[in-house]
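Residue strings, one per chain:
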Amino acid sequence: MTPSIAIIGAGPCGLTLARLLECKGIEYVVYERDESDVSNRRGGSLDIHAETGQRALKEAGLFDEFKKHARYDDAVFTLANQKGERVFQAGQDRDAPEIDRVMLRQILLNSIPNDRIRWNHALRSITLDEDGHRILQFSDGNSTSGFKLVIGADGAWSKVRPSITQARPQYSGNHYIESRINSNSPYYPTMVSRVGAGTLMCLGSSKEIVTQRQGDGSYRIYLGVTVPEDFVRGGTVDLTDTESTRRLFLSSQFFGDWADDLKDLIRYSDDFRSWPLYFMDPEAVGWKSVPGMTLAGDAAHLATPNGEGVNCAMQDALVLASKIATYGAEDLCRAVAEYEEDMFRRGAEHIRDGLKMAAIIRHEDGPAAMISFFHSAMASAQA
């Protein structure tokens, strides 16, 4: 018998939703493009917030397991300028512990029966049969149908989204070049003594270098630059050539005039990867409900990084699961309509917050702009 609900995507959003439906005894199946639960081990560290991500984990009965792997000491955030001078620190007492994306995914996977997930099922498109029923077409040529609700939790380049809205991701103009410094690096002991726990964000001249400690003690490095969308694909930089990549980012075009100890983060980095930053128009987050379909997470409201992405997605899962449980499989249209009314508001705000954060980070005097932002946020919280 075909389950009532199909979830496309086994990221934090889709798996949180699956777990919540599992707890509520609601039939579902998850389709995921990865070949298996161990075929995708990428992803950095995520801070999970009390009122959103943690609340969803508590509702899912997974908070105790989460706390076994959560890193409360990595909640600290340090801000520096391009000279390497620390100018601000926050988060020591913030209830937003870090956890590796891979670990969060594994906690969620372990809580779901194996037969609920169909691995190696990359959705290609959704079509309609003669009776108007939706058919999920997969890249391997197989297809399936019979669902009362299809939920696109399949990320920025969602294959479900085109069946619901014409909204598309837009390039932000900004790019992260991601790399790592592992424990076997000769620079690692220096890294530990200089950076330590948490996140260090260095801003200046409309650029940034971010370091973030991971669960295994290694550090991810993010070089934030404003470049054309085809910066990597067009051949400006060959990230597989480690030495030429280092030379480029150490040149005057990028970080050549930054402090020497910050340039060491580039000199000793390896495994460079490209992360172009996209977002959706916040005004486009709001569409007429399509019977039998909806979106969640980045598929619904892709934003540039602002510290809320995974939390907003897990909140989507929490709200949607609650609405489905309230109205049941016989009134999924009402469940989706009420979920979307809530999600549209939160999603558009999430995108706007991301755009504001990008403008602060790319400000010519980024540290001053960021400090002003933090002071305003703290004043608002105390009001």
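Rules used in this analysis
Residues numbered from 1 in each chain as written. Predicted model: local features only at pLDDT ≥ 70, side-chain atom pairs only at ≥ 80, totals over all residues. Heavy atoms only, no water. Core = buried A, V, L, I, M, F, W, Y, C linked by side-chain atoms within 4.5 Å. Buried < 20%, exposed > 50% of the residue type's maximum accessible area, 1.4 Å probe, protein only. Helix = DSSP H or I, 4+ residues; strand = E, 2+ residues; numbered from the N terminus. Contact = heavy atoms within 4.5 Å. Phe/Tyr/Trp six-rings, centres within 6.5 Å; stacked < 30°, edge-to-face > 60°. Lys NZ or Arg CZ within 6 Å of the ring centre and 35° of its normal. Salt bridge = Lys/Arg side-chain N within 4 Å of Asp/Glu carboxyl O. Axes fitted to C-alpha atoms, helices over the stretch in contact; angles between N-to-C directions. Parallel < 35°, antiparallel > 145°, perpendicular 65-115°, else oblique. Left-handed = near helix turned anticlockwise from the far one by under 90°. Nonpolar A, V, L, I, M, F, W, Y, C, P; charged D, E, K, R; others polar. UniProt positions renumbered as here; feature names shortened; annotations may be inferred. Polar contact = N/O pair within 3.5 Å; in protein donor to acceptor, adjacent residues only side chain to side chain.

So what's going on with the nonpolar core? Residues and values would help.
In this structure, Ile-7, Leu-136, Ile-209 and Phe-249 are the most contacted members of the largest nonpolar core, which totals 103 residues. A per-element tally of this core places helix α9 (residues 309-327) first, with 9 residues. Filtering out sequence-adjacent residues up to four positions away, Leu-136 remains in contact with Ala-6, Ile-8, Tyr-31, Leu-123, Ser-125, Ile-126, Asn-142, Ser-143, Thr-144, Phe-147 and Val-150. Membership of the second largest hydrophobic core comes to 15 residues, among which are Leu-203, Leu-277, Ile-360 and Ile-361.

Quick one: what's the story with the packing of aromatic side chains, residue by residue and with numbers?
According to the stated counting rule, one finds 18 aromatic pairs in the structure shown. Plain terms: the ring middles of Tyr-176 and Tyr-222 are 5.7 Å apart, the flat faces sit at 65° to each other, and that makes the pair edge-to-face. In this pair, Tyr-176 is assigned in strand β12 (residues 170-181) and Tyr-222 in strand β15 (residues 219-226), connecting sequence segments 46 residues apart. Of the two residues, Tyr-176 and Tyr-222, both sit in the buried class. Judged by centre distance (6.0 Å) and plane angle (70°), the ring pair of Phe-231 and Phe-254 falls under edge-to-face. Linking Phe-231 in the loop between β15 and α6 (242-250) with Phe-254 in the loop between α6 and α7 (260-267), this pair joins segments that are 23 residues apart in sequence. Summarising the burial analysis for this pair, Phe-231 and Phe-254 share the class buried. Arg-116 extends its terminal NZ or CZ atom over the ring of Tyr-28, reaching a point 4.7 Å from the ring centre.

Mind laying out the pattern of salt bridges, listing which residues take part and the relevant values?
Enumeration according to the criterion identifies 27 salt bridges in this entry. Across the pair Glu-330 and Lys-148 runs a salt bridge whose closest N-O atoms are separated by 3.3 Å. Placement of the pair is Glu-330 in the loop between α9 and α10 (332-361) and Lys-148 in the loop between β10 (143-145) and β11 (149-152), with a sequence separation of 182 residues. The partner of Glu-178 in a salt bridge is Arg-220, with the nearest N and O atoms 2.1 Å apart. Taken together, the positions of Glu-178 in strand β12 and Arg-220 in strand β15 put the pair 42 residues apart, joining distant regions of the chain.

Which residues make up the packing of α6 against α7, and what values do they have?
Between α6 and α7, whose axes approach to 9 Å, the crossing angle comes to 155°. Classified by the angle between their axes, α6 and α7 sit roughly antiparallel to one another. The crossing of α6 and α7 is right-handed. Contacts between α6 and α7 involve Arg-246, Phe-249 and Leu-250 from the former and Lys-263, Ile-266 and Arg-267 from the latter. Of the residues that constitute the contact of α6 with α7, the class distribution is 3 nonpolar, no polar and 3 charged.

Describe in detail the UniProt feature "domain: FAD-binding" (unreviewed entry) in the protein, supporting the description with residues and values.
Taking the UniProt record as the reference, the feature "domain: FAD-binding" (unreviewed entry) is found at residues 5-171 and 294-326. Helix makes up 67% of residues 294-326 and strand 6%, with an end-to-end C-alpha separation of 17 Å.

Describe the side chain of Asp-100, listing the residues and the values that go with them.
For Asp-100, the location among the structural elements is in strand β6 (residues 98-100). A distance of 3.1 Å separates the side chain of Asp-100 from the side chain of Arg-71, its partner in a polar contact. In contact with Asp-100, other than residues within four places in its own chain, are Gly-44, Ser-45, Arg-71, Gln-214, Gly-215 and Asp-216.

Any details on the packing of helix α1 (residues 12-23) against α9? Residues and values, ideally.
Between α1 and α9, the shortest axis-to-axis distance is 8 Å and the interhelical angle comes to 30°. The angle between α1 and α9 falls in the class roughly parallel. Crossing hand, α1 versus α9: right-handed. Listed contacts from α9 to Pro-12, Cys-13, Thr-16, Leu-17, Leu-20 and Leu-21 of α1 are Val-310, Ala-313, Met-314, Ala-317, Leu-318, Leu-320, Ala-321 and Ile-324. Partitioned by chemical class, the residues of the contact of α1 with α9 number 13 nonpolar, 1 polar and no charged.

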